[in-house]
Amino acid sequence: MTKARRLLGVLFAASIVLSACSSGGEATDVPAAAADDTTTTADETTTTEAPTTTTEPPTTTTAAPTTTTAPPVVGLAATDAKAALSPTGIVVPILGKTADGGVTVGTPCGRQATMRNGRPLNGVVVLDAGHGGREPGAVGPGGLTEKELNLAVSKHAQQALEAAGFPTIQTRDGDYRISLEARAKIVETVKPRAFVSIHYNAEPDGPFPKPGAETYYQTVGASAAESKRLSGIIYEEIVAAMSKYEGIAWVADTDAGAKYRKNSQGNDYYGIIRRTQGTPASLAELGFISNAPEEALYRTAEVQKVAGEAVAKGIIRFLTTKDAGSGFTEPYPRETPAGGGGGADNCVDPALE
Ligand SMILES: [Zn+2]
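Below, the structure is looked at part by part. Everything numeric here is computed off the predicted structure, so don't read it as measured data.

## Quick notes on the environment of Glu 146
Step number 1: With respect to the element layout, Glu 146 can be found in helix α2 (residues 146–163).
Step number 2: With 149 residues separating them along the chain, Glu 146 and Glu 295 place their C-alpha atoms 9.9 Å apart.
Step number 3: Separated by 3.2 Å, the side chains of Glu 146 and His 131 make a polar contact.

Next comes the structure, spelled out in structure tokens:
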């Protein structure tokens, strides 16, 4: 997320699109100069090769693992599923049934559509890979985009959760744009026991002696206390997992930890956890993609798996223990807004069938 707005005019707008992890201020919807949109298929998030500035060649594998538990395509009206994966690979919440034997679903742009067939999804956990489509989120100096890293890590977390017996739904199952409202609609419909939005950060304050993860919790609503506990546990797990990688020049904000941010009305600032109040939720900034040494680390499939498994382990601990979590810090005041994105302006829905 953007901590400081240092640039003006066109340069500023460009910096939002190209470098900010705009994880939910959602005040504005910044048009992208070059829409990449939905030409990439769900399981082919290949990247262009990063420049080899070190002796160690980067491993450019951000391909998300395929979900092995995908059910067959069926007529959705005959199921009681709360969500579905459309035949084109789009996750949709099921809002009702139509008179002619179909279902009403929510679209990634926040509209309603009708659908007949899809793969029914059920989850006790919902994961949210931040950004997507023409909203890349933060971009590392070597070109790794937050949207592809978030999805790869989220998929690994899903695999680990399902291997442990916790059915999990992604809000975004490929490289397409989906508004914060549409993400929240999936959560509202599925009613999971835990919801985690996965992001990587940009614009740190400076060097830090350990991984600079941040997890944001809800301060308003019935789930606030559990949201804080979830965030404290995920903070513990991601810092423990990343600390195993030695010799990394970590960066962070000085108030790194499990924390909160409020808006001027006293509500939660970030839309993704404000809109999901009532469900224990955490917005997890797992590290700084803008930091070259971290980007090189996060580019590797092994580290993506370790990060995803850390998120999964945290969620499982949250669901199965009364652990309180730790790492809670008092955030310093932030006046500057987070980057735009997450809105539905000019949003074009992908084909569902
Ligand atoms: Zn982000």
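Structure shown, so let's carry the discussion forward.
## Here's the deal with the pairing of strand β4 (residues 103–106)
The side chains of a regular strand alternate between the sheet's two faces.
Step number 1: Side chains of β4 alternate between two faces, with Val 103 and Val 105 and Thr 104 and Gly 106 buried alike.
Step number 2: As paired elements, strand β3 (residues 91–97) and β4 share three bridges and run antiparallel to each other. Considered in β4, the bridge of Lys 97 is made with Val 103.
Step number 3: In textbook terms, the turn of a hairpin is the stretch between consecutive antiparallel strands, and for β3 and β4 this stretch comprises five residues, one of which, Gly 101, has a positive phi near 90°.
Step number 4: As judged from the four bridges shared by β4 and strand β5 (residues 112–115), these two strands associate in the antiparallel manner. When the sheet's bridge partners are listed, Val 103 is paired in β5 with Met 115.

## Looking at the packing of aromatic side chains
Step number 1: Tallied over the entire structure, the rule returns five aromatic pairs.
Step number 2: Look at Tyr 200 and Tyr 298: their rings are 4.8 Å apart centre to centre, the planes differ by 55°, and that puts the pair in the tilted class. Pair noted here: Tyr 200 is in strand β9 (residues 194–201) and Tyr 298 is in helix α6 (residues 292–298), with a separation of 98 residues, a long-range link.
Step number 3: The buried category is assigned to Tyr 200, whose relative accessible area is 1%.
Step number 4: Between Tyr 217 and Phe 328 the ring centres are 6.3 Å apart and the planes differ by 80°, which places this aromatic pair in the edge-to-face class. Taken together, the residues Tyr 217 in strand β11 (residues 214–217) and Phe 328 in the segment after α7 (301–320) connect sequence positions 111 residues apart.
Step number 5: By relative accessible area, which is 8% here, Tyr 217 ends up buried.
Step number 6: Members of the aromatic cluster, connected to one another through ring pairs, are Tyr 216, Tyr 269 and Tyr 270.
Step number 7: In this structure, Arg 261 is placed above the aromatic ring of Tyr 269, and the distance from its NZ or CZ to the ring centre is 3.8 Å.

## Digging into the sheet that holds strand β13 (residues 257–259)
Step number 1: The six strands lie next to each other as β8-β7-β9-β14-β11-β13, forming an open sheet whose pairing is mixed. Single-partner strands in this sheet number two, and they are β8 (168–170) and β13. Averaged over all pairs of adjacent strands, the angle between strand axes in this sheet comes to 20°, irrespective of strand direction.
Step number 2: The pairing of β11 with β13 spans three bridges and is parallel. Bridged to Thr 215 within β13 is Ala 258.
Step number 3: Across the sheet, helix α3 (residues 180–190) is in contact with β7 (125–129), β8 and β9; its angle to β7 comes to roughly 175°.

## A look at the packing of helix α4 (residues 224–242) against α7
Working note: a packed helix pair is described by the angle between its axes plus the distance between those axes.
Step number 1: Running from N to C, α4 and α7 point in directions that differ by 145°, and their axes come no closer than 8 Å. Handedness of the α4/α7 crossing: right-handed. Touching Glu 226, Arg 229, Leu 230, Ile 233, Ile 234, Glu 236, Glu 237, Ile 238, Ala 241 and Met 242 of α4 are Val 303, Val 306, Ala 307, Ala 310, Lys 313, Gly 314, Ile 315, Arg 317 and Phe 318, all from α7.
Step number 2: Considered class by class, the residues forming the contact of α4 with α7 number 12 nonpolar, one polar and six charged.

## A word on the nonpolar core
Step number 1: One finds Val 196, Tyr 200, Ile 238, Met 242, Leu 286, Tyr 298 and Ile 315 to be the most contacted residues of the largest nonpolar core, which totals 39 residues.
Step number 2: Residue contacts for Val 196: discarding those within four places in its chain leaves Val 126, Leu 127, Asp 128, Leu 230, Ile 234, Ser 282, Ala 284, Val 311 and Ile 315.

About the criteria used
- Residues numbered from 1 in each chain as written.
- Predicted model: local features only at pLDDT ≥ 70, side-chain atom pairs only at ≥ 80, totals over all residues.
- Heavy atoms only, no water.
- Helix = DSSP H or I, 4+ residues; strand = E, 2+ residues; numbered from the N terminus.
- Polar contact = N/O pair within 3.5 Å; in protein donor to acceptor, adjacent residues only side chain to side chain.
- Buried < 20%, exposed > 50% of the residue type's maximum accessible area, 1.4 Å probe, protein only.
- Pairing = 2+ DSSP bridges.
- Phe/Tyr/Trp six-rings, centres within 6.5 Å; stacked < 30°, edge-to-face > 60°.
- Lys NZ or Arg CZ within 6 Å of the ring centre and 35° of its normal.
- Axes fitted to C-alpha atoms, helices over the stretch in contact; angles between N-to-C directions.
- Contact = heavy atoms within 4.5 Å.
- Left-handed = near helix turned anticlockwise from the far one by under 90°.
- Nonpolar A, V, L, I, M, F, W, Y, C, P; charged D, E, K, R; others polar.
- Core = buried A, V, L, I, M, F, W, Y, C linked by side-chain atoms within 4.5 Å.

That is the geometry; function is a separate question.
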